[in-house]
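A look at the structure
What follows is the residue order along each chain.
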Amino acid sequence: MPAVRPLGTRMLDLLAFAALTLAGVALVVMALVQAWQVFARYVLNDSPGWTEPVALLLMSFAVMFGAAVAVRRETHFAFESLRNALPPAGRFLLKSIARLISAAAGLGLMLFGGSLMIDAWSVNLAGAPLPAGLRFSALCVGGALILLFSIERLVTGDFKSADSES
């Protein structure tokens, strides 16, 4: 019988699933926006100005949400050779340091991205009738998710991937 996972972990599972789903949707919509750009430019001979900023926004969300899920699953870029060669205490120490660095990076992205988002919100994006602060919203939200998932890994001390726990 599989073990029942705590409610907090299940909620974070849902949040990670939602982030990954939104990242996938953003990639699909970005591809459709770019396809419209090509069609409009070469078939209609009328290139819309909104496609580039919208595609960049969608790419930003896809990257940041995907990065947050990678932090939770601990499938992000890492140097594992040294860590795996160490005894358990050394592995735990290096894993904890990596999680702290991820948490600090997430905090920085959230705070500085949020500051940039607020500062630029009153300005319109060039080519699209959207607030320019949206360019930084992915940094803010993605950074918050990275921070949250890093803290989860620090608190649980879990060495396994979130996917392998199911």
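This write-up is about the structure you can find in this document. (Residues numbered from 1 in each chain as written. Predicted model: local features only at pLDDT ≥ 70, side-chain atom pairs only at ≥ 80, totals over all residues. Heavy atoms only, no water.)

Per the stated rule, a full pass over the model turns up two aromatic pairs. Measuring from centroid to centroid gives 5.6 Å for Trp36 and Phe39, while their planes differ by 35°, and the two rings are tilted. Taken as a pair, Trp36 and Phe39 lie in helix α1 (residues 7–42) at a separation of three residues, close to a single helical turn. Note on Trp36: relative accessible area 37%, which makes it partly exposed. Taking the centre distance of 5.5 Å and the plane angle of 75° together, the rings of Phe61 and Phe65 count as edge-to-face. Note that Phe61 and Phe65 are positioned in helix α2 (residues 51–73) at a spacing of four residues, about one turn of the helix. (Phe/Tyr/Trp six-rings, centres within 6.5 Å; stacked < 30°, edge-to-face > 60°. Helix = DSSP H or I, 4+ residues; strand = E, 2+ residues; numbered from the N terminus. Buried < 20%, exposed > 50% of the residue type's maximum accessible area, 1.4 Å probe, protein only.)

The next point concerns the packing of helix α4 (residues 88–120) against helix α5 (residues 134–156). Contact geometry for α4 and α5: axes closest at 7 Å, N-to-C directions at 155°. Considering the angle they form, α4 stands roughly antiparallel to α5. Between α4 and α5 lies a crossing of left-handed hand. Here the residues of the contact of α4 with α5 are counted per class, giving 15 nonpolar, eight polar and three charged. (Axes fitted to C-alpha atoms, helices over the stretch in contact; angles between N-to-C directions. Parallel < 35°, antiparallel > 145°, perpendicular 65-115°, else oblique. Left-handed = near helix turned anticlockwise from the far one by under 90°. Nonpolar A, V, L, I, M, F, W, Y, C, P; charged D, E, K, R; others polar.)

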